[in-house]
Amino acid sequence: MASLLVHTCCGPCATGCVEHWRQEGFEVTSFWYNPNIHPFSEHQKRLQTLQEFFLKNNTPLLVSEGYDVVSYFRAVVGHEDERCQHCFRLRLTATASVAKERGFEAFTTTLLISPYQNQELLKQIGEEIAQREGLQFISEDMRPCYGDSRRISQELDLYRQKYCGCIYSEWERFSKKKRRVPPQGESARTPPASSGPPQPSR
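Description of the structure in this document. (Residues numbered from 1 in each chain as written. Predicted model: local features only at pLDDT ≥ 70, side-chain atom pairs only at ≥ 80, totals over all residues. Heavy atoms only, no water.)

## Considering the pattern of salt bridges
For the structure shown, the criterion picks out nine salt bridges. Glu 172 serves as the salt-bridge partner of Arg 83, at 3.0 Å between the closest nitrogen and oxygen. In this pair, Arg 83 is assigned in helix H4 (residues 83–102) and Glu 172 in helix H7 (residues 167–175), connecting sequence segments 89 residues apart. A relative accessible area of 13% places Arg 83 in the buried class. Take Glu 172: its relative accessible area is 24%, and that puts it in the partly exposed class. A salt bridge links Arg 89 to Glu 128; its shortest N-O distance comes to 2.6 Å. Placement of the pair is Arg 89 in helix H4 and Glu 128 in helix H5 (residues 119–133), with a sequence separation of 39 residues. Taking relative accessible area as the criterion, Arg 89 reaches 27% and is therefore assigned partly exposed. By sharing partners, the salt bridges in this structure join Lys 100, Arg 132 and Glu 133 into a single network. (Salt bridge = Lys/Arg side-chain N within 4 Å of Asp/Glu carboxyl O. Helix = DSSP H or I, 4+ residues; strand = E, 2+ residues; numbered from the N terminus. Buried < 20%, exposed > 50% of the residue type's maximum accessible area, 1.4 Å probe, protein only.)

## Brief notes about the sheet that holds strand E5 (residues 136–137)
Spatial strand order, E3-E2-E1-E4-E5: five strands in an open sheet with parallel pairing. Two strands lie at the open edges of the sheet, namely strand E3 (61–63) and E5, each paired on one side alone. Note that strand E2 (residues 27–32) and E3 share three bridges and pair parallel. Across the sheet, residue Ser 30 finds its bridge partner in E3, namely Leu 61. (Pairing = 2+ DSSP bridges.)

Here is the structure:
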């Protein structure tokens, strides 16, 4: 049975991936390394959710020590428009390093289940790292399992995050809120001209 180290981004995504790879014949161990998650309280909440889920399902989990957020910002600052590729590379490089050190034959990531992630980019970066490290990257498209992962995580009442994890994705989520549409019969009002910058609300 081939040994597989799975970079795991969160509990809900793990519900749709880990059992699948077990059924594919792999001996699965998960690995937590997600320094992109901000703030620290969110990082810890996702980690705790994952640990509780794996404890109930008897799944081995390796956890990277500390909160390596500085490495994340060093990788992406100045490259915000292309931050995902730098984030993927950082996390998959760490996963491959641990896999090689501990004698795993292959590695992969639960990010492959997400319809919101660039699958081709994940595959490209994963295979590049695998070739360099002498490992195999399992790049199976897991998106067909996404619906099951949502259903299972809801049934188990797992914490489900509302943004990717990084501070940029959180900012984008709030900045994309739709403008308020006035109720029928209420006309939109043009705000009065201001002689200075808007004052912060209290």
